[in-house]
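# Topology and contacts: notes
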Amino acid sequence: MTDVTGEPVDALHTLFHSDQGGHEQVVLCQDRASGLKAVIAIHSTALGPALGGTRFYPYASEQEAVADALNLARGMSYKNALAGLDHGGGKAVIIGDPEAFEGDRRTELLLAYGRAVASLGGRYVTACDVGTYVADMDVVARECRWTTGRSPENGGAGDSSVLTAFGVFQGMRASAQHLWGDPTLRGRKVGVAGVGKVGHHLVEHLLADGAEVTITDVREESVRRITERHPGVAVAADTEAMIRTEGLDIYAPCALGGALNDDTVPVLTASVVCGAANNQLAHPGVEKDLADRSILYAPDYVVNAGGVIQVADELHGFDFDRCRAKAAKIFDTTLAIFARAKSDGIPPAAAADRIAEQRMADAARR
C-alpha cells in the first residue's frame, strides 16, 4: 500500500509507533445514505482547537486516505504554530471523486459531513482544501458552526487562496533576500507547477514584481486562463520538463504533495524551492538532499499559511486588511527560519520544525 507520494504506508503504525504520529484523535465517518466516507484527523490541540481544511479526493484506497489525513493534520499543527495562531492542527479528507457529486447529491454528502464535524464539539474547525470550495463550506455550516472559509454573503471571508498566494510570494521575497541580497523577483525566472486556486494568484504577484514566469498544469483550461491574460508567460509541457528548465531560479510546487523526492531533487535546476503545495518533501531526508545540492527550501507549511491566517480570522469577525498584514509577516518568519538553520547548521525544514515544536511544547506546559 502506498500514499499519494508513492511511498509505502501503514496508517496504524504511523499513528501509534512513528515519529510522524502522535495524533490526539482520528475519526472515521460514514453516511451510507449520502455516500459519505471521510477521515478527520486531529494532531494537536495544544494551542487551541484544531484548524485545517477538508480535502475531497478520489483516493485509491481507504488506507491511503487515512495516511494523507494523518500527514496533513500534522502539517497543520506546525503551520498554525509558526503562523502565530491560537489553533492546533487537524485535517479531514472525504473519499471520492468530487466531480461525481453534483447538485442535491453533493449537498446531502456535505450536510452529512457537517454533522460529523459538529459531533466533535469544536475540537476541529474545518475549511476548504483541494476539491472543496467556498460554496461547499456554506453547506457544511448549515449543520456545523465550527466551519470557516464561507462566502461573504454568509458571514465568511471568501476565497482563502488569495492570501495563500500572497504568503507564498512573501516567502519567495524572503528567499531572494537571503540568497541574493534583494527581496525582489524582478528578472528572476520562476516556474509555477499548478496554476489552479492558488497558483494563478501567485502568477499575478510574480508578474507584477517583474519576474519571468513559466507555468504548467494538468488542466489545459487553467493554463489557458493565464496565457490568454498574459501571452508572455511561458508554458512547460509538464512538471518533469519544468524542473529541468535551464536558468530556472525558483521552483514553486503548487499542486499536490510529494513534489520533492528522490527522482526530482537530483535534476532540479532551480536555486530555490518555494511553493504552495502541502507536504512537498516526499520523505524524511529530502530536506538534506536539497541542502547538499545548495538548493534553498522555504518550508511549505510556513509560506503557504496565508490561507489559514484568513480562515482563522473569520472566526473572530473577518477583516481583510488585518489578515493581509499578518500574512505579510511570513516574510519575516521565513527569514528567521533561514537564520536559525544557518546558526544551528541544519536544513530550513528542520529549523522550522524546531521553532514550531517549541511553541507547542511551551503551550502544553502552561
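Computed from a predicted model, the values in this text were never measured in an experiment. (Residues numbered from 1 in each chain as written. Predicted model: local features only at pLDDT ≥ 70, side-chain atom pairs only at ≥ 80, totals over all residues. Heavy atoms only, no water.)

### Structural notes on the overall build of the protein
Within the protein, the regular secondary structure consists of 14 helices and 11 strands. Relative to the globule expectation of 21 Å for 366 residues, the C-alpha radius of gyration of the protein, 19 Å, shows essentially globular dimensions. With respect to the three principal axes, the spread of C-alpha positions in the protein is 55 × 50 × 45 Å. Expressed as a percentage of the 366 residues in the protein, the buried residues total 55%. Within the protein, residue pairs in contact and separated by at least 24 positions form 65% of the contacts whose partners lie at least 6 positions apart. With the model as given, the accessible surface of the protein reaches about 15400 Å², and the carbon-plus-sulfur share is 48%. (Helix = DSSP H or I, 4+ residues; strand = E, 2+ residues; numbered from the N terminus. Rg over C-alpha atoms; globule rule 2.2 N^0.38 Å. Buried < 20%, exposed > 50% of the residue type's maximum accessible area, 1.4 Å probe, protein only. Contact = heavy atoms within 4.5 Å. Areas by Shrake-Rupley, 256 points an atom, 1.4 Å probe, with all protein chains shown as cover.)

### Re helix H2 (residues 62–82)
A turn of α-helix holds 3.6 residues, and therefore any two residues three or four places apart point the same way. The terminal C-alpha atoms of H2 lie 31 Å apart, and with 21 residues this matches the ideal 30 Å at 1.5 Å per residue to within 8%. Burial analysis of H2 places 18 of its 21 residues in the buried class, the great majority of the element. Gly 84 occupies a position one or two residues after H2 and carries a positive phi of about 75°. (Expected span 1.5 Å × (residues − 1).)

### Let's talk about the pattern of salt bridges
Per the stated rule, a full pass over the model turns up 18 salt bridges. Of the charged contacts in the structure, one is a salt bridge between Asp 129 and Arg 55, with a shortest N-O distance of 2.6 Å. You can see Asp 129 sitting in the loop between strand S5 (124–128) and helix H4 (134–140) and its partner Arg 55 sitting in strand S3 (residues 50–57), a full 74 residues away along the chain. Its relative accessible area of 11% is what places Asp 129 among the buried residues. Put simply, Asp 217 and Arg 219 hold a salt bridge, and the shortest N to O gap is 3.7 Å. (Salt bridge = Lys/Arg side-chain N within 4 Å of Asp/Glu carboxyl O.)

### Section: the pairing of S5
Buried residues dominate S5, accounting for five of its five residues. As paired elements, S3 and S5 share five bridges and run parallel to each other. Across the sheet, the residue bridging to Leu 51 is Val 125, located in S5. (Pairing = 2+ DSSP bridges.)

### Digging into the state of the cysteines
In a disulfide, the sulfur atoms of two cysteines are covalently bonded to one another. In this structure the tally under the stated criterion is zero disulfides. Left without a disulfide partner, Cys 29 is nearest to the cysteine sulfur of Cys 144, which lies 11 Å away. Take Cys 29: its relative accessible area is 10%, and that puts it in the buried class. Sulfur of Cys 254: no disulfide; nearest cysteine sulfur belongs to Cys 274 and is 8.5 Å away. (Disulfide = S-S within 2.5 Å.)

### Overview of the layout of surface pockets
The calculated volume of the second largest pocket comes to roughly 290 Å³. Lining the second largest pocket are 19 residues, and of these Ala 83, Gly 84, Leu 85, Ile 309 and Lys 326 sit closest to its centre. Ranked by residues supplied to the lining of the second largest pocket, first place goes to helix H11 (residues 306–314) with three residues. For the lining of the second largest pocket, a count of residues per class yields 10 nonpolar, four polar and five charged. (1 Å grid on protein atoms, 1.4 Å probe; cavity = no way out; pocket = protein on both sides within 12 Å on 5 of 7 lines; lining within 4 Å. Points joined across faces, edges and corners; volume = space filled by probe spheres on them. Nonpolar A, V, L, I, M, F, W, Y, C, P; charged D, E, K, R; others polar.)

### Digging into unusual backbone geometry
Even without a glycine there, the phi angle at Asn 279 is positive, about 50°. Mapping Asn 279 onto the fold places it in the loop between strand S10 (272–273) and helix H9 (286–292). For Asn 279, a relative accessible area of 25% gives the class partly exposed. Positive phi values are uncommon outside glycine, yet Ser 294 reaches one of about 60°. Here Ser 294 lies in the loop between H9 and strand S11 (296–297). Given a relative accessible area of 61%, Ser 294 falls into the exposed group.

### What about the environment of Ala 92?
Mapped onto the elements of the fold, Ala 92 is located in strand S4 (residues 88–95). For Ala 92, the residues in contact, after removing those within four places along its chain, are Val 39, Ile 40, Gly 53, Thr 54, Arg 55, Tyr 113 and Tyr 124.

### Some thoughts on the sheet that holds strand S9 (residues 250–253)
Strand order in the open sheet formed by six strands is S8-S7-S6-S9-S10-S11, and the pairing between neighbours is parallel. Strand pairing shows two members of the sheet lacking a second neighbour, strand S8 (234–235) and S11, which therefore form its edges. In this structure, strand S6 (residues 189–193) lies alongside strand S7 (residues 212–216), joined through five bridges in parallel fashion. Looking at the pairing, Val 190 lines up with Val 213 of S7.

### Some remarks on the nonpolar core
Core analysis: the biggest nonpolar cluster contains 39 residues, and Met 172, Val 192, Leu 202, Leu 206, Val 213 and Ile 215 have the highest contact counts within it. Core analysis: the next-biggest nonpolar cluster, separate from the first, contains 25 residues, Ala 50, Ile 94, Leu 111 and Tyr 124 among them. (Core = buried A, V, L, I, M, F, W, Y, C linked by side-chain atoms within 4.5 Å.)

### Here we look at the sheet that holds S5
Reading across the sheet, the five strands line up as S1-S2-S4-S3-S5 and stay open at both edges, with mixed pairing between neighbours. Taken across any chain shown, the strands that pair with only one partner, and hence form the sheet edges, are strand S1 (25–31) and S5. On average, adjacent strands in this sheet sit at an angle of 25° to one another, irrespective of strand direction. In the sheet, S1 pairs with strand S2 (residues 36–44) via seven bridges, with the strands oriented antiparallel. Residue pairing across strands places Cys 29 opposite Ala 38, the latter belonging to S2. Lying over the sheet, H2 contacts S1, S2, S3 and S4, oriented at roughly 155° with respect to S4. (Axes fitted to C-alpha atoms, helices over the stretch in contact; angles between N-to-C directions.)

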